[in-house]
Amino acid sequence: MSHRTTDSTGEGPAAGRGVVEGAFALLDALRRRGGEAGLSELAAACGVPKGTAHRLLDQLGPVGAVERRGRRYVLGPQLFRLGQSWQPYPGLTAAARPALHRLRATTGASVVLTVLRDDHALTVASVPGRAEPLLPVRDGMAFPAASAPGRPLVGRDPGPFVDRDEPAAGLVCVALPVRGPDRRVVAALAAMTPAEGSAAPLVGAAASAAAGVAAGLARAIAGERAPAAAVFAN
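Residues numbered from 1 in each chain as written. Predicted model: local features only at pLDDT ≥ 70, side-chain atom pairs only at ≥ 80, totals over all residues. Heavy atoms only, no water.

This next bit is on the pairing of strand β3 (residues 72-75). Relative to β3, strand β1 (residues 36-38) is paired through three bridges, and the arrangement is antiparallel. What sits directly across from A37, in β3, is Y73. Sheet analysis places strand β2 (residues 66-69) next to β3, joined by four bridges and oriented antiparallel. Bridging from a neighbouring strand, V66 pairs with L75 of β3. (Pairing = 2+ DSSP bridges. Helix = DSSP H or I, 4+ residues; strand = E, 2+ residues; numbered from the N terminus.)

Listed below in structure tokens is the structure:
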């Protein structure tokens, strides 16, 4: 029996996979360029002919993945809607938001919540603060796993982790693990401010925030399980 395998420019089973990979490569190239780029720039970034890039972008347009702005392409609203529904751990981002905003309000720090993905600490929630001029924080930004925002995600050290000039010069970063109800580390909370004076107050506030995220996550999971338990009890 023969098996037909062709590349993304041909036909057959492998073609669909190549098209999907090519489309995601273009979307990722757009993301790395701040969500906006021209055709030539995207084709060069992905190592594909301009004609191929153009055909893929034309297919991504009608489904809302990209939009045209003059001669440039931007990420479309459908990607935002899909991204909002992704959860690295059930209920994590919703449980984290109040604690992150309280930490920002009490310390002025820029705060991020990260999870481990592909050897990087991926930001799944962020609140900009005093670190903004030195390091703007945004959802979706990635840090090396060995950097302060990633260190609670690897190894078994409970922290807190305190680093100066990391992940950017002029900053002090305090990071702690966030544990799920089963005590596994599911995320890291990192707070960053300009490196001025002692980091002790930030350590205490960040530790309270990390505990708050863990408590919120436990409540959310308990709430989801309660209706099922009630059904079996009746």
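A word on the pattern of salt bridges. Side chains bearing opposite charge may pair, as long as their charged atoms lie close to each other. For the structure shown, the criterion picks out seven salt bridges. Between R130 and E196 there is a salt bridge, with its nearest N and O atoms 3.0 Å apart. One end of the pair, R130, is in the loop between β5 (120-127) and β6 (142-144); the other, E196, is in the loop between β9 (185-194) and α6 (200-233), with 66 residues separating them in the sequence. For R130, a relative accessible area of 39% translates into the label partly exposed. (Salt bridge = Lys/Arg side-chain N within 4 Å of Asp/Glu carboxyl O. Buried < 20%, exposed > 50% of the residue type's maximum accessible area, 1.4 Å probe, protein only.)

Turning our attention to the environment of L135. Along the chain, the position of L135 falls in the loop between β5 and β6. Along the backbone, L135 and P194 are 59 residues apart, and their C-alpha atoms lie at a distance of 10.0 Å. When residues no more than four places from it in sequence are discounted, the contact partners of L135 are M141, F143, P167, A168, L171 and M192. (Contact = heavy atoms within 4.5 Å.)

What follows deals with the sheet that holds β1. Pairing is antiparallel across the open sheet formed by three strands, whose spatial order is β1-β3-β2. What marks the edges here is a single partner per strand, and that holds for β1 and β2. Strand-to-strand twist across the sheet, computed as the mean angle between neighbouring axes with direction ignored, equals 30°. (Axes fitted to C-alpha atoms, helices over the stretch in contact; angles between N-to-C directions.)

Let's shift gears to the confidence of the model for the chain. The predicted model of the chain has a mean per-residue pLDDT of 82, with 84% of residues at 70 or higher. For residues 1-17, every residue scores under 50 in pLDDT, and the model assigns this stretch 13 contacts once sequence neighbours within four places are set aside. (pLDDT = per-residue confidence, 0-100.)

One open sheet accounts for six strands, arranged β6-β5-β4-β9-β8-β7; its pairing is antiparallel. Strands at the two margins of the open sheet, each flanked by one partner only, are β6 and β7 (161-164). Taking the axes of each pair of neighbouring strands and ignoring which way they run, one obtains an average angle of 30° across the sheet. Pairing of β5 with β6, which is carried by three bridges, proceeds in the antiparallel orientation. When the bridges of β6 are listed, A121 appears paired with F143. Contacting β4 (110-117), β5 and β9, helix α5 (residues 92-107) crosses the sheet at an angle of about 150° to β4.

Taken as a whole, helix α2 (residues 39-46) has its buried residues at L39, L42 and A43. One side of α2 carries all its buried residues, which in axial view fall inside an arc of 100°. Remark: G47 follows α2 within two positions and exhibits a positive phi of approximately 70°. (Arc of directions from axis to C-beta.)

Quick look at α5 now. Across its 16 residues, α5 extends 22 Å between first and last C-alpha, which sits within 8% of the 22 Å expected from 1.5 Å per residue. The sharpest bend along α5 comes to roughly 25°, located at P98. Looking at α5, one finds that the buried residues are L92, T93, A95, A96, A99, L100 and L103. Within two residues after α5, G108 carries a phi angle of roughly 80°, on the positive side. (Expected span 1.5 Å × (residues − 1). Bend = angle between axes of the 7 residues up to and from the residue.)

Of all eight residues in β4, six are buried, a share of seventy percent or more. Sheet topology note: the β4/β9 ladder contains five bridges and is antiparallel. Residue pairing across strands places T114 opposite A188, the latter belonging to β9. Here β4 pairs with β5 via seven bridges, running antiparallel. Pairing of V115 across the sheet is with L122, part of β5. Between β4 and β5, which follow one another and run antiparallel, lie two residues, and D118 among them has a positive phi close to 55°.

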